Amino acid sequence: MKKAIPKAPLVYPLPIALLGVEHETKVYYTTVSNLSVMGEMPPIIGVMIDKKRAIMKQLDVGSMISINYPDTTMIDKADLCATVSGETFDKASLFTTDYLLETPYIDECPVVLIAHIIDIVSIKRQRVFVCEVRRTLIEDTLAVDRNIPSMNILDPIIYGRDGKYYKIGSVIGKTSLEGRTLYQDIKKHMAPKPYSFHCKLKICQEKDAGKSYRKLAKAYDVYHETIEDWYALYTMFGREGLTKAFAHKLAKTQFTKAEKADIVRRIRSGELTYRDACQRYMVSLSRLRNWMKKTR
Ligand SMILES: Cc1cc2nc3c(=O)[nH]c(=O)nc-3n(C[C@H](O)[C@H](O)[C@H](O)COP(=O)(O)O)c2cc1C
């Protein structure tokens, strides 16, 4: 059971970032959490800004901006930048500003993206700034595991949309490892059993539709020859030829040594094919092959 709460763009968790831009030698910083990944290659990020924000006037297509991720030790400054407007207070005075590609960024933030605004989408009171990432900077003292430091090391401030800030907890798993065991388990229990009637029928129908024995053997992990036998039974006796009861019937038919030898001889001489013998004497193809082998 679920209950509805007032509708909200609930994507979570959201990291807090400080957006930075320079306009006519003045540097502006504003806290944002409405950030989203819009592309990986090229790396594109969308930032949503309300029209009322002072920083809005400084942003346009072609502007270079910085997206600065503060760590939890910077919570007071990040929160101040989220509640006081640049029109009443110079927020840049809170930080040491450095420059890259002529773009101001916050030196104290462990991760900084330098980006270029390539498009703006207007949605009611808001503008979504589509930004292409030009540089990704991380503090050089941070331990780097395959280029991206662990979230616990980056220690971002997480916004909960419930009016509270959070911090990252513990690592609980690794990508493409956690689901693997579950997937293998499901595959083992749920995969169609290749020797069931339905699976045999499916394989024969796929053969009818033109798939090769080789492809079917690979797809269902069944010997090529086994599929040939099933298909022979299917074409001779129809669906019934694939049932267990029919297999028992073919396995139970009794023959004397002389009868067996006669059948083998007739197959050898070309008087009968395996299929003819199977149909006429109601004996399975595998038994026939066995007799041939033994007499050889
Ligand atoms: C946690 C948090 C996240 C915020 N995220 C955004 C945001 O994504 N976009 C936005 O326009 N305002 C956002 N705000 C509000 C601005 O940070 C705030 O209005 C700020 O004072 C604007 O500064 P400015 O007028 O100097 O631009 C957020 C506020 C908080 C508390």
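None of the values given here were measured: they were computed from a predicted structure.

A.B. asks: For this particular structure, what's the right way to read the sheet that holds strand β5 (residues 44-50)?
C.D. replies: Strand pairs in the sheet, formed through backbone hydrogen bonds, run parallel or antiparallel to each other. Ordered in space as β3-β2-β6-β9-β10-β5-β4, the seven strands form an open sheet in which the pairing is antiparallel. The open sheet has two edge strands, β3 (26-32) and β4 (35-39), and neither has a second partner. Each adjacent strand pair in this sheet contributes to an overall mean axis angle of 35°, direction not counted. Against the sheet, helix α1 (residues 75-83) contacts β2 (17-23) and β3, and its axis sits at roughly 100° relative to β3.

A.B. asks: Is there a simple way to explain helix α8 (residues 257-269) in this structure?
C.D. replies: Within an α-helix, residues lying three or four positions from one another point in the same direction, as the helix has 3.6 residues per turn. A rise of 1.5 Å per residue sets the reference length of α8, with its 13 residues, at 18 Å; its end C-alpha atoms lie 18 Å apart and thus fit the reference within 8%. By the criterion of burial, α8 is predominantly exposed, with just one of the 13 residues buried. Two residues or fewer after α8 comes Gly270, characterised by a positive phi angle close to 90°.

A.B. asks: Could you clarify how one ought to interpret the nonpolar core in this entry?
C.D. replies: Proteins that are soluble and globular tend to have nonpolar side chains buried together. In this structure, Ala17, Leu18, Leu19, Tyr29, Ile65 and Val112 are the most contacted members of the largest nonpolar core, which totals 33 residues. Elements with a minimum of two residues in this core: β2, β3, β6 (64-69), α1, β8 (103-106), β9 (111-123), β10 (126-138) and β11 (157-159). A total of five residues in this core trace back to one element, the largest contributor, which is β9. Look past the residues within four positions of Tyr29 in its chain and what remains in contact with it is Leu18, Leu19, Gly20, Cys81, Lys91, Ala92 and Phe95. By size, the runner-up hydrophobic cluster in this structure holds nine residues, among which are Ile203, Cys204, Ile227 and Trp230.

Cut-offs and rules
- Residue numbers here run from 1 along each chain, matching the order of that chain's written sequence.
- Given that this is a predicted model, residues contribute local features only at a pLDDT of at least 70 and side-chain atom pairs are listed and counted only at 80 or more, while totals for whole chains, interfaces and linings are drawn from all residues.
- In this analysis, strands are considered paired if DSSP registers two or more bridges between them.
- A helix here means a DSSP run of H or I that spans at least four residues, while a strand means a run of E at least two residues long, and both kinds are numbered starting from the N terminus.
- Angles shown run from 0 to 180 degrees and are taken between the N-to-C directions of axes, each axis being a line fitted to C-alpha atoms and, for helices, limited to the stretch in contact.
- The contact rule is simple: place each C-beta atom from the backbone, and if two of them lie within 7 Å, those residues are in contact.
- Under the convention used throughout, the expected extent of a helix is 1.5 Å for every residue step, that is, one less than its residue count.
- The burial label depends on the number of other C-beta atoms within 10 Å of a residue's C-beta. Counts of 20 or more mean buried, 12 or fewer mean exposed, and intermediate counts mean partly exposed, with C-beta atoms placed from the backbone.
- Think of a nonpolar core as buried Ala, Val, Leu, Ile, Met, Phe, Trp, Tyr and Cys residues, each tied to the set through C-beta atoms within 7 Å.

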